[in-house]
Amino acid sequence: MAVGADAARLQAEAPEYARLMSAHQRRNFLFLVLDGATFSFAITLLSETTIIPAFVQSLGGGAVLVGMVAAVYAVGKYLPQLVGAHLLRGRSRRKPLLLAIVIAERVGILAIAVTAQLIGVLDSTTILVVFFIAFGGYAITTGLIGPVYGDFLAKAITRNRGWYYAIVQLLGGVLGFTAALVAENIIRTSEFPQGIQLCFWICFALSFLSIFFVAGLKEEPYPHPDARTSLRATVAEIPGVIRGDRSYARFLVARCVLAFSTLGIGFVVVDGLAKGVLRPSDAALLAAVFILSQALLGFALAAIGNYLGFKVVVIIGGSLIVAGMVGAVIGGALPVYVVTFIALGGANAMTIIADPNLSIELAPTKSTSIYLGTTSTILAPFFIAGPLLAGVLALSASYEVVFIVAACVAVVGVVLALRMREPRSAALESVETVGLPGVQP
């Protein structure tokens, strides 16, 4: 049995609470997996990278509006994270807020589905305005829920949390891949807008079903909630949190560098197409390779992190970015690109797995949501700025230069990750862990 550093602190600070929550662990594990798997399938039918841009374009939206889809989603996903963390402060229970945001998220999906039904009733310009309002509201809920969901997960699954991430990565990847095939078949065999409309309604129905899994979660009141403050005070605390926690600061520095090193990923297929090495249909193949690699390597990385700690997951993930960028430089044949996207899929899984788990294990028990929100907020500019700078570099130099720069930055990130302190070894020094044999150095 593997127990994270946060579980050791929780046991020391609130032993009765830890005992009561432990009694619900099997039920919560099952319901969280069912929620994650169901929602993974559903949300693929509302993909901000494929289906939504195609929907906007079909309504007559030009390149600017299509580009706004990714921008609106990124802003909604990252900026409200600290707000979500703030809303949790002073609360002894996480579930009521989690359930409220989950319901709001489904209302956003319903609004998008209803908007699609307005095609033929309202003019395209009006529909696009209404759509972006609905999509923006939905995107905001995806940001608000991150730290709240993570905080609940941290206290609901204290043993073998890595296996939760492993199973969700595997099921989510397989179901997401299946959903992509379903969506492709629906849209290909149906006239516009019937195909898109059907995808949106299936997405809403499945996402609505997952509400009941969240409602079925069990929770006990946490005896030491963080003090309630104003949002301004919460934001003002962040610099002090980083300065006061050297281990967390090292983690953030390493992750910021590795986040920036993803700057070349979006240009790999573009470079292959420009050189004539890849055909347009190969892009779909490589997208499938990426999804399946994220699922399979994500399963493996989560299992490794469960037993060895998640620092090693960051190191492996950074190394996969290096391998992916080297593969992009070599190029030359489709099999090389397949190997490249296998590596990049695993690297993306690192972000999904390591960031929340290391934030949880590094955080004081009462500040879990603050650490989760801070991590996502600080990493966001590096994920967003990297590709923009890469585009400028590609115009002034070449795609190969972009990939070489990305590989070099990733090497620096791996070196910084090696200097990170494993939270579980720190927990052994700071917390009495007798009776917790799963805590590992």
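About the criteria used
Residues numbered from 1 in each chain as written. Predicted model: local features only at pLDDT ≥ 70, side-chain atom pairs only at ≥ 80, totals over all residues. Heavy atoms only, no water. Salt bridge = Lys/Arg side-chain N within 4 Å of Asp/Glu carboxyl O. Helix = DSSP H or I, 4+ residues; strand = E, 2+ residues; numbered from the N terminus. Buried < 20%, exposed > 50% of the residue type's maximum accessible area, 1.4 Å probe, protein only. Axes fitted to C-alpha atoms, helices over the stretch in contact; angles between N-to-C directions. Parallel < 35°, antiparallel > 145°, perpendicular 65-115°, else oblique. Contact = heavy atoms within 4.5 Å. Nonpolar A, V, L, I, M, F, W, Y, C, P; charged D, E, K, R; others polar. Core = buried A, V, L, I, M, F, W, Y, C linked by side-chain atoms within 4.5 Å. Phe/Tyr/Trp six-rings, centres within 6.5 Å; stacked < 30°, edge-to-face > 60°. Lys NZ or Arg CZ within 6 Å of the ring centre and 35° of its normal.

A. Layout of the pattern of salt bridges. For the structure on display, the rule yields 12 salt bridges. One salt bridge in this structure joins Asp151 and Lys155, with 3.0 Å as the shortest N-O distance. Here the residue Asp151 and the residue Lys155 both occupy positions in helix α8 (residues 124–156), the gap between them amounting to 4 residues, near one helical turn. An identical accessibility class is assigned to Asp151 and Lys155; each is buried. Several salt bridges share partner residues, and in doing so they unite Asp35, Glu105 and Arg106 into one network.

B. Region of interest: the packing of helix α13 (residues 268–275) against helix α16 (residues 334–362). Between α13 and α16, the shortest axis-to-axis distance is 11 Å and the interhelical angle comes to 170°. When the axis of α13 is compared with that of α16, the two are roughly antiparallel. Packed against α13, whose contacting residues are Val268, Val269, Asp271 and Gly272, the element α16 presents Tyr337, Thr340, Phe341 and Leu344 at the interface. Tallied by class, residues from the contact of α13 with α16 come to 5 nonpolar, 2 polar and 1 charged.

C. View of unusual backbone geometry. A cis amide bond links Phe192 with the next residue in sequence, Pro193, at an omega value of 10°. Structurally, the position occupied by Pro193 is in the loop between α9 (161–189) and α10 (194–215). We note that Asn160 has phi near 55°; this positive angle belongs to a residue other than glycine. The topology assignment puts Asn160 in the loop between α8 and α9.

D. Here's a closer look at the nonpolar core. Counting 53 residues, the largest nonpolar core has Leu32, Leu98, Tyr164, Leu217, Tyr248, Phe251 and Leu358 as the members making the most contacts within it. The greatest single-element share of this core, amounting to 7 residues, is contributed by α8. Residues in contact with Leu32, not counting those within four places in the same chain, are Tyr149, Phe152, Leu153, Ile157, Tyr164 and Leu217. Judged by nonpolar contacts, the second largest core, of 32 residues, contains Phe41, Val69, Ala113 and Ala134.

E. Up close: the side chain of Thr262. Along the chain, Thr262 falls in the loop between α12 (246–260) and α13. Setting aside anything within four residues of it in sequence, one finds Thr262 in contact with Ile321 and Phe383.

F. Representation of the packing of aromatic side chains. Using the criterion set out here, one finds 19 aromatic pairs in the structure. Seen from their ring centres, Phe290 and Phe341 are 6.5 Å apart, and the 75° between their planes marks the pair as edge-to-face. On the criterion of sequence distance, the pair formed by Phe290 in helix α14 (residues 280–308) and Phe341 in helix α16 is long-range, its members being 51 residues apart. For the pair Phe290 and Phe341, a shared accessibility class is recorded, and that class is buried. Taken together, the aromatic side chains of Phe55, Tyr73, Phe131, Phe132, Phe135, Tyr138 and Phe200 make up a single cluster linked through ring pairs. Residue placement shows Arg27 over the ring face of Phe31; its charged tip is 4.9 Å from the ring centre.

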